[in-house]
Amino acid sequence: MKKLITLIFLYAISFSYAQYPDTTYEDKEEREHAKKIVAAYDKELGLDGAQYPIFLDKVEDYIVLRKKAKATLKGQEELDALTELMVKETLEMQDLLTRPQYILY
């Protein structure tokens, strides 16, 4: 019984780290650009300790996605993709930010 409880405990711990994986990209310039954007938002929104890293990862993700869309698409397809990305990013921020923060965002 003791072994079973230990195994369940270790199994649960291994999955607790999978909730917010650290997104890593090859380009350090994108990470620095995301940090500058988030620092500007943080001054206005007052992100807390839990929001900041998630907000940073989301901003970096969307920087990468916008860069890919601009590189691979042209014309109306590019515009549609960028608009869709903007809407998705805004909706994801709604889930992350408090109501007053989101209104300010």
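What counts, and where the lines are drawn
Residues numbered from 1 in each chain as written. Predicted model: local features only at pLDDT ≥ 70, side-chain atom pairs only at ≥ 80, totals over all residues. Heavy atoms only, no water. Helix = DSSP H or I, 4+ residues; strand = E, 2+ residues; numbered from the N terminus. Contact = heavy atoms within 4.5 Å. Expected span 1.5 Å × (residues − 1). Buried < 20%, exposed > 50% of the residue type's maximum accessible area, 1.4 Å probe, protein only. Arc of directions from axis to C-beta.

### Quick look at the side chain of Glu-78
Piece 1. Residue position: Glu-78 is located in helix α4 (residues 75-96).
Piece 2. Residues in contact with Glu-78, not counting those within four places in the same chain, are Ala-69, Lys-70 and Leu-73.

### Quick look at helix α2 (residues 28-45)
Piece 1. In this model, α2 (18 residues) spans 25 Å end to end at C-alpha, consistent with the 26 Å of a helix rising 1.5 Å per residue.
Piece 2. Within the sequence span of α2, burial applies to Glu-30, Ala-34, Val-38 and Leu-45. Taken end-on, α2 shows its buried residues confined to a sector of 60 degrees, consistent with a single buried face. In α2, the exposed positions angled more than 90 degrees off the buried face are occupied by Lys-28, Glu-29, Lys-36 and Lys-43.
Piece 3. Taken together, the buried residues of α2 touch α3 (51-72) and α5 (99-104).
Piece 4. Of the residues trailing α2, Gly-46 is marked for its positive phi of about 65 degrees.

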